[in-house]
Amino acid sequence: MIEIRRLVKRFGYQYALRGVNLEVSAGETLVLFGPNGAGKTTLLRILATLSKPTSGRVVINGYALPGESATVRRQIGLVTHKTLLYNRLTAVENLRFYGQIYGMTHLGERIDALLAQVGLYRRRDDEVRTFSRGMVQRLTIARALLHNPPILLLDEPDTGLDPQASDMLLQLLQEVGGAKRTIIMTTHHLSRGLAIADKVAILANGKLLFENDGAALSEDTLRSRYQQITSEAA
């Protein structure tokens, strides 16, 4: 589903990504760990067509970036630190706005089903400004899933959430994943990320320094490797 070869991203003389190679299969959940400044957000922005690589090859579902960005964009749902929601619109109004942008039909049925899935159906007619941080994040994921994209990109979606809200978020991600959806998520929380990961990777100083199956790793092993890699890269 996603193929990255020798990916480089440079801002002036500063390298954000240094020859990254990575493959993510269809229906696979990859959790990407790394310290601040490792290049995680830059990588997701390139995959989301929001930034162009300096060099290298990126192919998403058979389409090459950046040349086929318009086609790729419709196949991606994106969750970043910006919710892209309008606080004075209701949950339904926000989703209807984005659904109209995508030219979707049967929009009312799709919105009701998504709001039920993320646990917000009873608040469907409430303005977003009245929502808790966790509720806003669940609605943000509903917004990203609205057009039923085969790929979901999440940049630290658990940032700012309390433990209960984080657990609810991870449960939701497990439910929306599966054979039909590929997920790449960045996070600083090793245990939470490992709980949903089919594959884990560690990025530091713009280099992919570790990659393994999630099922083959214990939390202690992952934590030890993470600490070793990040200390050596510091």
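Residues numbered from 1 in each chain as written. Predicted model: local features only at pLDDT ≥ 70, side-chain atom pairs only at ≥ 80, totals over all residues. Heavy atoms only, no water.

A. Inspection of the pairing of strand β10 (residues 207-213) at higher detail. By the bridge criterion, six bridges tie strand β9 (residues 199-204) to β10 in an arrangement that is antiparallel. Along β10, the bridge assignment pairs Lys 199 with Asp 213. Connecting β9 to the next strand, β10, in antiparallel fashion are two residues, including Asn 205 with a positive phi near 55 degrees. (Pairing = 2+ DSSP bridges. Helix = DSSP H or I, 4+ residues; strand = E, 2+ residues; numbered from the N terminus.)

B. Examining the nonpolar core more closely. Counting residues in each nonpolar core, the largest one holds 47 residues, and the members touching the most others are Leu 139, Leu 173 and Leu 222. Beyond its immediate stretch of four places on either side in the chain, Leu 222 contacts Phe 33, Leu 190, Leu 194, Val 200, Ile 202, Phe 210 and Leu 217. Ile 2, Leu 47, Ile 151 and Leu 153 belong to the second largest nonpolar core, which has 26 residues in total. (Core = buried A, V, L, I, M, F, W, Y, C linked by side-chain atoms within 4.5 Å. Buried < 20%, exposed > 50% of the residue type's maximum accessible area, 1.4 Å probe, protein only. Contact = heavy atoms within 4.5 Å.)

C. Quick look at the packing of helix α5 (residues 133-145) against helix α6 (residues 163-176). Contact geometry of α5 with α6 gives a least axis separation of 10 Å together with a crossing angle of 15 degrees. If you check the angle between α5 and α6, you find them roughly parallel. Both α5 and α6 take part in a crossing whose hand is right-handed. Of the residues in α6, those in contact with Gly 134, Gln 137, Arg 138, Ile 141 and Leu 145 of α5 are Ala 165, Met 168, Leu 169, Leu 172, Leu 173 and Val 176. (Axes fitted to C-alpha atoms, helices over the stretch in contact; angles between N-to-C directions. Parallel < 35°, antiparallel > 145°, perpendicular 65-115°, else oblique. Left-handed = near helix turned anticlockwise from the far one by under 90°.)

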